[in-house]
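Results of the structural survey
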Amino acid sequence: LLEGVEDERIRVCLPQVDTEAFKRYPRQPVDPESPLIVSPARLVWEKGHQDVLRAVALLHRGIVRRDDGSVLRPRVLIVSTGPDRAKLELHARELGIGDHVEFRDHIPNDQMGAVFAESACMMLASLPVWHWEEQFGMVLAEALVTGTPVITTRSGVIPDVVGDSAILVDPGDWVGMAKEIGRAHV
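All of the points below concern the structure found in this document.

Calculation rules
- All residue numbers here refer to positions counted from 1 along the written sequence of the relevant chain.
- Whole-chain, interface and lining totals are the exception, using all residues; otherwise, since this is a predicted model, local features are given only for residues with pLDDT of at least 70 and side-chain atom pairs are given and counted only at 80 or more.
- Values reported for side chains reflect all heavy atoms of the structure, with hydrogen atoms and water molecules removed beforehand.
- Only C-alpha atoms enter the line fits that serve as axes; for helices the fit covers just the stretch in contact. Angles between N-to-C directions range over 0 to 180 degrees.
- Strands here are runs of E lasting at least two residues and helices are runs of H or I lasting at least four, both read from the DSSP assignment and numbered beginning at the N terminus.
- Note on angle classes: values under 35 degrees are labelled roughly parallel, values over 145 roughly antiparallel, values of 65 to 115 roughly perpendicular, and the remainder oblique.
- It is the rotation of the near helix from the far one that decides the hand of a crossing: anticlockwise by less than a right angle makes it left-handed, clockwise makes it right-handed.
- Contacts are residue-level and defined by heavy atoms, with any inter-residue pair within 4.5 Å sufficient.
- Gly counts as polar in this scheme, as do all residues outside two lists: the nonpolar Ala, Val, Leu, Ile, Met, Phe, Trp, Tyr, Cys and Pro, and the charged Asp, Glu, Lys and Arg.
- Pairing of N or O atoms within 3.5 Å defines a polar contact, subject to two protein rules: one partner must be a possible hydrogen donor and the other a possible acceptor, and residues neighboring in sequence count only if both atoms are side-chain atoms.
- Pairing of aromatic side chains requires ring centres within 6.5 Å, counting the rings of Phe and Tyr and the six-membered ring of Trp. Pairs whose planes differ by under 30 degrees are stacked, by over 60 edge-to-face, and all others tilted.
- In this scheme, the term charge over a ring applies when either NZ of a lysine or CZ of an arginine sits within 6 Å of the ring centre and within 35 degrees of the ring normal.
- Only protein chains enter the accessibility calculation, which uses a 1.4 Å probe; a residue whose area is less than 20% of its type maximum is buried, one above 50% is exposed, and one in between is partly exposed.
- Pairing between strands is defined by DSSP: at least two bridges between the two strands are required.
- Consider the strands pointing away from the viewer: the crossover is right-handed when the path from the first strand over the helix to the second runs clockwise.
- Expected helix span is taken as 1.5 Å per residue step, with the number of steps being one fewer than the number of residues.

Comments concerning the packing of helix α2 (residues 49-60) against helix α3 (residues 85-94)
- At a minimum axis separation of 10 Å, α2 and α3 run at an interaxial angle of 10°. On the basis of the axis angle, α2 is roughly parallel to α3. Where α2 crosses over α3, the two elements pack in a sense that is right-handed. Facing α2, whose interface residues are His49, Gln50, Leu53 and Arg54, α3 presents Leu88, His91 and Ala92.
- Each residue belonging to the contact of α2 with α3 can be placed in one class, and the counts come to 3 nonpolar, 3 polar and 1 charged.

In structure tokens, the structure reads:
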């Protein structure tokens, strides 16, 4: 309506998740020393993978520690394709965590439930840019269906999508992300 489309031409199609497909994978035990963090989103700047990598590097270096003072060394699985893959791979190496980061171009949707089930948490670190903010983040709903803890940002409609079911940090706050990863959620 704001853009001038007539009301009679608008149909609302609500996004849906096949909850049974995602629930069929039971949660797996988390490695307390090297938990898996999954970051499934297109490899572009505004999806915030670089901030996930920075948060994990803070943990690996012991700059941010668990509440008990111990050092956590998570692994990261980044799932998707996009123009920034080489930059992200280089960034992970420069941060000294390249050996702890895996990139996978694609995981079939019917297998993402298994990935979430073995992950300590799912992160969507979306950043607003002048022409875009997160529109929905289907991976948020998918991860939440599996019972996977979610750490995400207050970008676009994300707070409305996750409500009280996820941990929210400000966009670009990789220190806050590291603190949340280091807490009892993993």
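Now that the structure is up, let's keep going.
Looking at the environment of Ser39
- By secondary structure assignment, the location of Ser39 is in strand β1 (residues 36-40).
- Through-space distance from the C-alpha of Ser39 to that of Ile78 is 4.8 Å; in sequence the pair is 39 residues apart.
- With residues up to four places along the chain from it excluded, the contact list for Ser39 reads His49, Val52, Leu77, Ile78, Val79 and Met123.
- Within the structure, Ser39 has its side chain in polar contact with the backbone oxygen of Met123 (distance 3.5 Å).

Some points on the packing of aromatic side chains
- With the rule as written, the count across this model stands at 1 aromatic pair.
- Judged by centre distance (6.3 Å) and plane angle (35°), the rings of Phe22 and Phe116 are tilted. Taken together, the residues Phe22 in helix α1 (residues 19-23) and Phe116 in helix α4 (residues 109-118) connect sequence positions 94 residues apart.
- Positioned above the aromatic ring of Trp174, the side-chain terminus of Arg54 is 4.7 Å from the ring centre.

Brief notes about the pairing of β1
- Counting buried positions along β1 yields 5 of 5 residues, so the element is predominantly enclosed.
- The two faces of β1 match: Leu36, Val38 and Pro40 on one face and Ile37 and Ser39 on the other face are all buried.
- Note that β1 and strand β2 (residues 75-79) share 5 bridges and pair parallel. When the bridges of β2 are listed, Val38 appears paired with Leu77.
- The handedness of the β1 to β2 crossover, carried by α2, is right-handed.

What to know about α2
- Its 12 residues give α2 an end-to-end C-alpha distance of 17 Å, which sits within 8% of 16 Å, the value for a rise of 1.5 Å per residue.
- His49, Gln50, Asp51, Val52, Leu53, Ala55, Val56, Ala57, Leu58, Leu59 and His60 are the residues of α2 that are buried.
- Its buried side turned inward, α2 meets β1, β2, α3, β3 (101-104), β4 (121-124) and α7 (174-182).
- Just past α2, the residue Gly62 takes up positive phi, approximately 75°.

The quantities given are spatial measurements derived from coordinates; they are silent on function.
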